Amino acid sequence: MNTSGSGTGGDHTPTRWTRLQEIFHAAVALREAARPAFLDGACRDEPALRADVDKMLRVDALADAALDGVRAGIAELAAEALGEADGSGADDSWEGRTLGAYRVLRKIGQGGMGAVYEAEREDVHKRVALKVVRGALGAPDLVRRFLLERRVLARLAHPGIAGLLDAGMLDDDTPWLAMELVDGAPITRYCEQHELDVATRLRLFLQVCEAVDYAHAHLIVHRDIKPSNVMVDEGGRVKLLDFGIAKLLGQDDDAAGESTRTGLRVLSPEYAAPEQFTGAPITTATDVHALGVLLFELLTGERPYAAAGGSAMAAAQAVVETEPPRPSSVAGRSAGREKRADRRLAGDLDAICLKALAKDPARRYRSARQLGDDIVRHLEGVPVEARLPTLGYRVGRFLRRNAALVGAAALVTLALATGLGAALWQSAQAQAAQAESEEVTAFVVGLFEAGDPEVTLGEEIPVRTILEQGSRRVEELAEEPRIQARMLSVMARAYRGLGDPQRARGLAERAIALRSSLVGRDDAEVAASLATLAQTLDDLGDEGGAIEKHREALEVLRGQLGPAHERTTYTALRLSRLLALEGQWEEAQGLAEEALRRRREARPSDPEAEAEALRTLATVRWWGPQDLDGAEALYREALAIQERLFGPDDARVESGLVPLGGLLAQQRKFEEAESVARRALELRTRIYGPDHPAVAFQLSNVAYVLSNAGRHDEAETLYREVVERYRAVFPGDHPRIATALTGIAVTFGRRGMVDSTLTYMEPAAAMIARLNGPDHPETALAHHNLGMSYLRLGRHEQAAHELELAYELRSRLHGASSPGALRSGAAYASALAELGRYTDAERLLTTLLAHQREQHPEGHPDVAVSLQHLGEILERQGRVEEAIPLLEEALAWWRSAANPDTLRRRSVADLLVRVHEAAGRSDQANRIRQDERAARTAGVQR
């Protein structure tokens, strides 16, 4: 251990540094006149120590009045002056030590509160960034802020934020954090090294906005956004770091006992907002200002207040008093910048930067998302909010965007107008869309006639850009409400197909209101808009609202078009799927069976419509009575129809592949499941493009297959990508986000990293409960998953509470002998046993096991798990002879079905070895050890 110091302060061992901080903080608390006498006593016979404390107090006295009360920051500044920050002092003493489950390898950075090290969790060979607070005992403000950072990071699970993996305390109450290790470069350096053009820099900046917006949605303000805290890896993925001075909105920090003030050492003056110096309230607008500084630097190579130069106080004065220049007036000064950069920045980007950098927070963008949205508008060539909407500006934007509004582009947009869009392969929607009137077609053709082909020859026009123009022009149809209502409905479907459900919802609601006022609610066209709204609500995670609108649409269609009409059966199938998700399986199955019968009886027959009904019925069978074999047969029948109609490589086949892959994974047919899932992913990407939510959904399905197959690292990577994609589309809570977070948690759990599982499982469970309410199947599953995580961590009271809730809710919703209730009951019994309630646990497990054997006479993982739980309960009571046959049966099943390295198989084998040894049967115990060791060595299943 290196205990030698260097620099002006002499010896800087950990003990001396602790004393130094203790004396400094005690002296600061005294009146200035009383300090000399105190220091004479505290530093008796230690002149070097007294000199160092005096230096710290002199630095403290230099603090500007606006920055008063920042003791932790001053202590860190003094630490640098005393030689602590150069790596030669106490921080190096951590290298080679073990903190929790982590071995410290090397120092990689110095934060505002402590040192950051690269460390390794040796049991899983995972590298992490380990942050340790400095001088914990002598700096209570630092410790409180460090613990606040831990709380902040525990709230955040976003692919654009370096996540918290683990945390703990040393024996001397020094806290530490284990975080995701980011191998990359600061965003500004990354852009320069890769010589990125302006558009690419903007797209990279959008990732930063998304991460910051996610933090704001969780009531967290970062307060220190700067290039060194925004890293980019070689894959071009942004990671936001260091929430050390973050603020929890809506909380009185001092009342909570947490210092979140910023100081000279902690604060980065050139990236700070004016209110961070003037004492005005800190809000999300504070981070918007920092994003404006970062954007300015990305575009120009300089900071907006760099001209102030010199001291931190000069920088602070510039931030508060000086108006920033336009980026276009600065670009080009730095060597190596593109020569025409200033022209590229003039106009939109000037306005966007200056709006973000406004001195008055009320004049800035309301949120990081709004800032990002304006960047997107600029990239897509539509008017930005930061500029005044003058007629000349809007016309100029439109002409530059729509140069080639003829030929193939016109055909694409006409397809959208007739409802094909993203639903191109769904026959029900395609047939309904063909009825759109000539007036609507004429309206859309008018969108193309407004452009001037000579402005930007050959430019490709994005579909979304054309829709933006249509959204504005539809307001001109107020005197033609019938056409306006139809266009609103058409655009709602198109926006939904493009993955923008929020925009689609507003348009669909307007269409319904307008059509209802014209023809009444009982109209087939109103029902079509209701169905669009229902699908959009489903996309947004509002299953209850989606069911309500589907029911209303179905009732109208049955009355207007009849029960056998294609649109009626299509709506019935959509409703059936939603009801199955909500646990209303009998009604769901009745609707699906009726729709299948109607479609088979239809003349002329439509095989694709029949295949769609088969898939829906298969899904209901799968989610409801868990008839996996029956569901598989129905899925394969539907897929065979599609492949016969279109061929195996046609994009329309993906709708049959998607659910089949998930079902095969649940049946443990992993090789075929992965092949099917990846084939579906390739086809779905071909249909929708790589950024559509439908593609993210299928990525999640691939991750599910990999996780079940034991390929947890690959699954975790995909799940993180899925969360990132969903966050970009769905603001706030959403079922798909919760599902992906749960998937990440499961990958940690299956690797035995249960301390990290809760980081993702707790927010996922809370999100599911908020979305669904307390009496819902998904909420019951969330209780079960969270309870299992607590159980593995040894938090048995919390585990028992969550698992009891899951068991009772699943029993009430689905019956006490349903598969879900039996699984939750078995886990609950295990928690009871951990609490010493053996009699209750044994009674419950015996009942559950009887139900499971009846349902799975050939064996099943649930049966094996219950056998293991019951055997362990008996073993704990000393009833080893009764436990042995149960555990042998459990191990025999796992050997027939699972890899030797499977965690569950290894745990039951270890338990059986222990029980045999307790019964005095060492030969049997050794035989089991040898057999399992040989199986792992051979790498085959036994």
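Draft legend 1. Summary view of the overall build of the protein chain. Helix and strand counts for the protein chain come out as 41 helices and eleven strands. Expressed as a percentage of its 942 residues, the buried residues of the protein chain come to 55%. Excluding contacts between residues fewer than 6 apart, the proportion of contacts in the protein chain whose partners are at least 24 apart in sequence is 63%. Accessible area of the protein chain: about 39000 Å², with a carbon and sulfur share of 50%.

Draft legend 2. Region of interest: the sheet that holds strand β9 (residues 230-233). The strand order across the open sheet built from three strands is β7-β9-β10, with neighbouring strands paired in antiparallel fashion. Unpaired on one side and paired on the other, β7 (184-186) and β10 (238-240) mark the two borders of the sheet. Direction aside, the axes of adjacent strands within the sheet are offset by 35° on average. Relative to β10, helix α7 (residues 198-217) is tilted by about 35°, and along the sheet it contacts β9 and β10.

Draft legend 3. Geometry of the pairing of β9. Residues V230 and V232 of β9 are buried on one face, and the alternating residues M231 and D233, pointing to the opposite face, are buried as well. With three bridges connecting them, β7 and β9 associate as antiparallel partners. Following the sheet pairing, G184 is matched in β9 by D233. For β9 and β10, the ladder comprises three bridges, and the chain directions are antiparallel. What sits directly across from V232, in β10, is V238.

Draft legend 4. Up close: the environment of K226. When you line up the elements, K226 lands in the loop between β8 (220-221) and β9. Between the alpha carbons of K226 and L240 there is a distance of 9.5 Å; along the sequence they are 14 residues apart.

Draft legend 5. View of the environment of K359. Along the chain, K359 falls in the loop between α13 (348-356) and α14 (368-380). Excluding its chain neighbours within four sequence positions, the residues that come into contact with K359 are P274, E275, Y305, A318, V319, V320, T322, E323, P324 and R364. Within the structure, K359 has its side chain in polar contact with the backbone oxygen of V319 (distance 2.5 Å).

Draft legend 6. Here's a closer look at the pattern of salt bridges. Counted by the stated rule, this structure contains 56 salt bridges. E297 is paired through a salt bridge with R303; the nearest N and O atoms lie 3.8 Å apart. Residue class for E297 comes out buried when judged on its relative accessible area of 11%. Owing to a relative accessible area of 28%, R303 belongs among the partly exposed residues under this scheme. Here D733 and R770 are joined by a salt bridge, their closest N and O atoms 2.7 Å apart. Linking D733 in the loop between α31 (712-729) and α32 (735-750) with R770 in helix α33 (residues 754-772), this pair joins segments that are 37 residues apart in sequence. For R770, a relative accessible area of 53% corresponds to the exposed category. Residues participating in the shared-partner salt-bridge network are R103, R106, E118, E120 and R127.

Draft legend 7. Seen up close, the environment of I687. Mapped onto the elements of the fold, I687 is located in helix α29 (residues 670-688). By relative accessible area, I687 is classed as partly exposed at 22%. The spacing of I687 and A651 is 36 residues in sequence and 6.7 Å in space, taken between C-alpha atoms.

Draft legend 8. Broad picture of helix α35 (residues 796-814). Here α35 is 19 residues long and its end C-alpha atoms lie 26 Å apart, about the 27 Å a rise of 1.5 Å per residue gives. Regarding α35, the residues found buried are A799, A800, E802, L803, A806, Y807, L809, R810 and S811. Considering only its buried residues, α35 is in contact with α34 (777-793), α36 (819-834) and α37 (838-855). The positive-phi residue at the C-terminal boundary of α35 is G815, with phi of around 105°.

Draft legend 9. Focus on the confidence of the model for the protein chain. When the pLDDT values of the protein chain are averaged, the result is 75; 74% of them are 70 or greater. For the protein chain, the element scoring lowest by mean pLDDT is helix α16 (residues 408-417), at 32; helix α9 (residues 284-300) scores highest, at 92. Note that residues 62-92 has pLDDT below 50 and, in this model, 88 contacts with residues that lie over four places away or in other chains. Residue range residues 250-266 is modelled with pLDDT below 50. Its contacts to residues more than four positions away, or to other chains, number 46 contacts.

Draft legend 10. Expanded view of the packing of helix α39 (residues 880-897) against helix α40 (residues 903-918). Running from amino to carboxyl end, α39 crosses α40 at an angle of 150°, the nearest separation of the two axes being 9 Å. When the axis of α39 is compared with that of α40, the two are roughly antiparallel. For the pair α39 and α40, the sense of crossing is left-handed. Together, V880, A883, I884, L887, E888, A890, L891, W894 and R895 of α39 and R904, R905, V908, A909, L911, L912, V915, H916 and A918 of α40 make up the contact between the two elements. For the contact of α39 with α40, the per-class residue count stands at 13 nonpolar, one polar and four charged.

Draft legend 11. Geometry of the packing of helix α38 (residues 861-876) against α39. Axis separation between α38 and α39 bottoms out at 8 Å; the angle between their running directions is 155°. One element, α38, and the other, α39, form an angle in the roughly antiparallel class. In this structure, α38 meets α39 at a crossing whose hand is left-handed. Counted together, P861, A864, V865, L867, Q868, L870, G871, L874 and E875 of α38 and V880, E882, A883, L886, L887, E889, A890, W893 and W894 of α39 form the full contact between these two elements. Counted by class, the contact of α38 with α39 contains 13 nonpolar, two polar and three charged residues.

Draft legend 12. Local environment of the packing of aromatic side chains. Under the definition given, this model contains four aromatic pairs. Ring geometry for W622 and Y635: centres 6.3 Å apart, planes at 90°, overall edge-to-face. Here W622 is found in helix α26 (residues 607-623), whereas its partner Y635 is found in helix α27 (residues 628-646), with 13 residues between them in sequence. Accessibility classification places W622 together with Y635 in one group, the buried group. Between Y807 and Y828, the ring centres sit 6.5 Å apart and the planes meet at 35°, which makes this aromatic pair tilted. Taken as a pair, Y807 in helix α35 and Y828 in helix α36 lie far apart in primary sequence, 21 residues in all. For the pair Y807 and Y828, a shared accessibility class is recorded, and that class is buried. Above the plane of the ring of Y365 lies K355, whose end atom (NZ or CZ) is 5.3 Å from the centre.

Draft legend 13. Representation of the side chain of E118. Within the secondary structure, E118 is located in strand β3 (residues 114-121). Of the residues examined, E118 reaches a relative accessible area of 10% and is grouped as buried. Among the polar contacts listed, one links the side chain of E118 to the side chain of R127, at a separation of 2.6 Å.

Draft legend 14. Seen up close, helix α22 (residues 524-539). The end-to-end C-alpha distance of α22, which contains 16 residues, comes to 23 Å, matching closely the 22 Å that a straight helix rising 1.5 Å per residue would cover. With 14 of its 16 residues buried, α22 lies for the most part within the structure. Residue D523 occupies the N-cap position of α22, its side-chain oxygen lying 2.8 Å from the main-chain nitrogen of E525.

Draft legend 15. Spotlight on the side chain of T742. By the secondary structure assignment, T742 is in helix α32. The residues touching T742, leaving out its near neighbours within four places in the chain, are M761, A764, I768 and N785.

Draft legend 16. Molecular detail of unusual backbone geometry. In this structure, D45 takes a positive phi of about 65° despite not being glycine. The residue D45 is located in the loop between α2 (35-42) and α3 (47-61) in this model. Residue D45 is classed as exposed on the basis of its relative accessible area of 73%. Despite not being glycine, R668 shows a phi value in the positive range, around 70°. Among the structural elements, R668 can be located in the loop between α28 (654-666) and α29. A residue is classified by how much of its surface remains accessible, and R668, at 38% relative accessible area, is partly exposed.

Quick notes on the rules
- Residues numbered from 1 in each chain as written.
- Predicted model: local features only at pLDDT ≥ 70, side-chain atom pairs only at ≥ 80, totals over all residues.
- Heavy atoms only, no water.
- Helix = DSSP H or I, 4+ residues; strand = E, 2+ residues; numbered from the N terminus.
- Buried < 20%, exposed > 50% of the residue type's maximum accessible area, 1.4 Å probe, protein only.
- Contact = heavy atoms within 4.5 Å.
- Areas by Shrake-Rupley, 256 points an atom, 1.4 Å probe, with all protein chains shown as cover.
- Pairing = 2+ DSSP bridges.
- Axes fitted to C-alpha atoms, helices over the stretch in contact; angles between N-to-C directions.
- Polar contact = N/O pair within 3.5 Å; in protein donor to acceptor, adjacent residues only side chain to side chain.
- Salt bridge = Lys/Arg side-chain N within 4 Å of Asp/Glu carboxyl O.
- Expected span 1.5 Å × (residues − 1).
- pLDDT = per-residue confidence, 0-100.
- Parallel < 35°, antiparallel > 145°, perpendicular 65-115°, else oblique.
- Left-handed = near helix turned anticlockwise from the far one by under 90°.
- Nonpolar A, V, L, I, M, F, W, Y, C, P; charged D, E, K, R; others polar.
- Phe/Tyr/Trp six-rings, centres within 6.5 Å; stacked < 30°, edge-to-face > 60°.
- Lys NZ or Arg CZ within 6 Å of the ring centre and 35° of its normal.

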